[in-house]
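Here are the chains, one letter per residue:
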Amino acid sequence: MSSLLVQQRSTAAPTSSIRLASARRLIVKIGSALIGDAETGEIRGPWLETLIEDVVRFFARGQQVILVTSGAVAVGSSHFNHLDRSLRVEEKKTAAAMGQVQIMCAYERSFRRHGFGVGQILLTREDIDDQHRRLNAASTLHQLLKVGAVPIINENDTTATAEICFGDNDRLAARVAQLVNADVVVLLSNVDGLFSENPHDNPAARLVTQVRCITPEIEAMAGHSLARHSSGGMVTKLMAARIATDAGCEMIIARGDKSYPLAAIENGGPSTWFFPPL
Ligand code: GLU
């Protein structure tokens, strides 16, 4: 049997809806291009409010949600006059230090309006690779969930040198899923999902709706294009899918830039679902 299904949007709605609604614990990753306006770096407040309403709806169903958010560099970059050049590494770290405060303030304000507190956790790959630090992070995540606060995670861009050049929150989200035994990782991005070919080059490219095994054929579909502020492309999303599915967790890639992005997936909007091996 083929390892992938393409363009089955007509049957996607009920399945997506049931699958998302039955997940006990979800990780939702928010890409930089969603939270920060590409031109001004301003936080997209009205959009963020719709995401938070989606998350609060999941809480009302008894589901737990952990957010992994990018955007610190994208939002903090507005403090630099850099439109004609890329920021240097030390400038990116400074942008991240400033932007992280701004995005956390926005999340905190939005969740507070719905009666929820938030807790910030900044991690590096070393934190997750080291057993003691990993257990400390896991314990804090569990405590935050226990007290009903929303854990909001980002990479610690100030201390993670390699991260700021190549790192991505796609793999971080998958590692967090592994850490807390999540059922589903949702990568909200600025693409509909995985396409058979680059849709910018070939309008006939088809959206792959389900992946049951990450074969070389699937890997070949991942393009290498990167958005200006984000570090992850389809390649890192596939790496994340491998980590998540090996840990028994499903993973979704979906476009998140429109209002109510989680409801859009539940309503059968375009997405690619990765399933753990049988
Ligand atoms: N940690 C980076 C930030 O907050 C983003 C990394 C990524 O794009 O995945 O700006």
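Residues numbered from 1 in each chain as written. Predicted model: local features only at pLDDT ≥ 70, side-chain atom pairs only at ≥ 80, totals over all residues. Heavy atoms only, no water.

(A) Examining the UniProt feature "binding site: ATP" (unreviewed entry) in the protein more closely. As annotated by UniProt and renumbered to match this structure, "binding site: ATP" (unreviewed entry) occupies Lys29, Ser231, Gly232, Gly233, Met234, Val235, Thr236 and Lys237. Counting through the fold element by element, Gly233 comes out in the loop between α10 (216-221) and α11 (234-246). A relative accessible area of 11% places Gly233 in the buried class. (UniProt positions renumbered as here; feature names shortened; annotations may be inferred. Helix = DSSP H or I, 4+ residues; strand = E, 2+ residues; numbered from the N terminus. Buried < 20%, exposed > 50% of the residue type's maximum accessible area, 1.4 Å probe, protein only.)

(B) Representation of the pattern of salt bridges in the model. Scanning all chains against the criterion turns up 18 salt bridges. When salt bridges with common partners are traced through the structure, they connect Asp54, Arg57, Arg61 and Glu266 into a single cluster. (Salt bridge = Lys/Arg side-chain N within 4 Å of Asp/Glu carboxyl O.)

(C) Up close: the side chain of Gln63. Position of Gln63 relative to the elements: it lies in the loop between α3 (45-60) and β3 (64-69). Ignoring sequence-local partners within four residues, the contact set of Gln63 consists of Leu20, Ala21, Ser22, Ala23, Arg24, Leu26 and Phe58. (Contact = heavy atoms within 4.5 Å.)

(D) Quick look at the confidence of the model for the protein. For the protein, the mean per-residue pLDDT works out to 88, and 88% of the residues sit at or above 70. Confidence drops under pLDDT 50 across residues 7-13; counting only partners more than four residues distant or on other chains, this segment forms ten contacts. Low pLDDT, under 50, characterises residues 224-230; the predicted model gives this stretch 14 contacts beyond four residues in sequence or across chains. (pLDDT = per-residue confidence, 0-100.)

(E) A look at helix α9 (residues 169-180). Taking 1.5 Å of rise per residue, the twelve residues of α9 would be expected to cover 16 Å, and the 16 Å separating its terminal C-alpha atoms lies within 8% of that figure. Measuring from the side-chain oxygen of the N-cap residue of α9 to the backbone nitrogen of Asp170 gives 3.1 Å; that N-cap residue is Asp168. (Expected span 1.5 Å × (residues − 1). Polar contact = N/O pair within 3.5 Å; in protein donor to acceptor, adjacent residues only side chain to side chain.)

(F) The packing of α9 against α11, seen in detail. Two elements in contact, α9 and α11, have axes separated by 8 Å at closest approach and are oriented at 5 degrees. The orientation of α9 relative to α11 falls into the category roughly parallel. In this structure, α9 uses Asp170, Arg171, Ala174, Arg175 and Gln178 to contact α11, whose residues at the interface are Thr236, Lys237, Met239, Ala240, Ile243 and Ala244. Tallied by class, residues from the contact of α9 with α11 come to five nonpolar, two polar and four charged. (Axes fitted to C-alpha atoms, helices over the stretch in contact; angles between N-to-C directions. Parallel < 35°, antiparallel > 145°, perpendicular 65-115°, else oblique. Nonpolar A, V, L, I, M, F, W, Y, C, P; charged D, E, K, R; others polar.)

(G) Molecular detail of the side chain of Asp127. Within the secondary structure, Asp127 sits in helix α6 (residues 125-129). A distance of 2.8 Å separates a polar side-chain atom of Asp127 from the backbone nitrogen of Thr124. Sequence-distant contacts of Asp127, defined by excluding residues within four places in its chain, comprise Leu122, Arg133 and Arg134.

(H) Representation of the environment of Tyr107 in the model. Summarising the element assignment, Tyr107 is placed in helix α5 (residues 89-113). Relative accessible area serves as the criterion here: at 0%, Tyr107 is assigned to the buried category. Residues Tyr107 and Leu48, 59 residues apart in the sequence, show an inter-C-alpha distance of 7.8 Å. Not counting the four nearest positions on each side in its chain, Tyr107 is found in contact with Ile30, Ile35, Leu48, Ile52, Leu67, Thr69, Val118 and Ile152.

(I) Representation of the pairing of strand β6 (residues 184-189). In terms of burial, β6 is a largely internal element, six of the six residues being buried. Alternating residues of β6 divide into Val184, Val186 and Leu188 and Val185, Leu187 and Ser189, and every residue in both groups is buried. In this sheet, β6 lies alongside strand β2 (residues 25-30) in parallel orientation, the contact comprising five bridges. Looking across to β6, one finds that Leu26 is bridged to Val184. Note: β6 against strand β9 (residues 250-255), six bridges, orientation parallel. Residue Val185 lies in a different strand from β9, and its bridge partner there is Met251. (Pairing = 2+ DSSP bridges.)

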